[in-house]
Amino acid sequence: LRFRLILMRPTGSPENIESKNPLKAWSADGMLYVQSPEIGNAAIVEVLDMNGRLLQKLNVSDAGLIQLEGLTKTSVVMIKLTSRSTVYSRKVFIP
């Protein structure tokens, strides 16, 4: 055996991280949508650019779908949801 080929997920991680992160975030029609089971509690949703600069911040106290607007520039943003006990994050491409 000269070499071994190891196939991983696109992030380079061999394990399935998607099942551990309930945060869902996507962009469509000029809007950014965020949904998570953790939003039922008091939580903070932050939108950061890839340099770590804060673009938007929203305090959330009710469950459901959050709609954010004002992100018109084509980029990749990081969605960070902070609840009392956990922090979730997700990258989203803004076309």
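Treat the numbers as computed from the prediction; the structure is a model and nothing was measured.

A. Inspection of the overall build of the chain at higher detail. Regarding its fold elements, the chain presents zero helices and seven strands. The N-to-C order of helical and strand elements in the chain reads β-β-β-β-β-β-β. Evaluated residue by residue, the chain yields a buried proportion of 31% over its 95 residues. Per element, the accessible surface of the chain, about 6,800 Å² overall, is 53% carbon and sulfur.

B. Expanded view of the pattern of salt bridges. Going through the model one piece at a time under the given rule, you end up with two salt bridges. For Lys80, the salt bridge is made with Glu46, and the minimal N-O distance between the two is 3.7 Å. Placement of the pair is Lys80 in strand 6 (residues 75–82) and Glu46 in strand 3 (residues 43–49), with a sequence separation of 34 residues. Among the residues examined, Lys80 registers a relative accessible area of 30% and is labelled partly exposed. Its relative accessible area of 15% is what places Glu46 among the buried residues. A salt bridge links Arg53 to Asp49, with the shortest nitrogen-to-oxygen separation between them at 2.8 Å.

C. Focus on the sheet that holds strand 5 (residues 66–68). Ordered by their spatial adjacency, three strands build an open sheet running 1-2-5, and the pairing between neighbours is antiparallel. Lying at the two open borders of the sheet, with one neighbouring strand each, are strand 1 (24–28) and strand 5. Averaged over all pairs of adjacent strands, the angle between their axes in this sheet comes to 20°, without regard to strand direction. Looking at chain direction, strand 2 (residues 31–35) and strand 5 are connected through three bridges and run antiparallel. Bridge assignment links Leu32 to a residue of strand 5, and that residue is Leu68.

D. How the structure looks around the packing of aromatic side chains. Applying the stated criterion across every chain yields a total of one aromatic pair. The interplanar angle of 20° and the centroid separation of 5.6 Å between the aromatic rings of Trp26 and Tyr33 together place this pair among those described as stacked.

E. Inspection of the pairing of strand 3 at higher detail. Within strand 3, six of the seven residues are buried, leaving the element largely enclosed by the surrounding structure. Pairing between strand 3 and strand 4 (residues 54–60): six bridges, direction antiparallel. Its bridge partner lying in strand 4, Leu48 is registered against Leu54. Two successive antiparallel strands, strand 3 and strand 4, enclose a turn made up of four residues, where Gly52 displays a positive phi of approximately 90°. Two elements, strand 3 and strand 6, share six bridges in a ladder whose sense is antiparallel. Paired with Leu48 across the strands is Met78, a residue of strand 6.

Criteria and thresholds
- Residues numbered from 1 in each chain as written.
- Predicted model: local features only at pLDDT ≥ 70, side-chain atom pairs only at ≥ 80, totals over all residues.
- Heavy atoms only, no water.
- Helix = DSSP H or I, 4+ residues; strand = E, 2+ residues; numbered from the N terminus.
- Buried < 20%, exposed > 50% of the residue type's maximum accessible area, 1.4 Å probe, protein only.
- Areas by Shrake-Rupley, 256 points an atom, 1.4 Å probe, with all protein chains shown as cover.
- Salt bridge = Lys/Arg side-chain N within 4 Å of Asp/Glu carboxyl O.
- Pairing = 2+ DSSP bridges.
- Axes fitted to C-alpha atoms, helices over the stretch in contact; angles between N-to-C directions.
- Phe/Tyr/Trp six-rings, centres within 6.5 Å; stacked < 30°, edge-to-face > 60°.

Nothing here speaks to function; it is all geometry.
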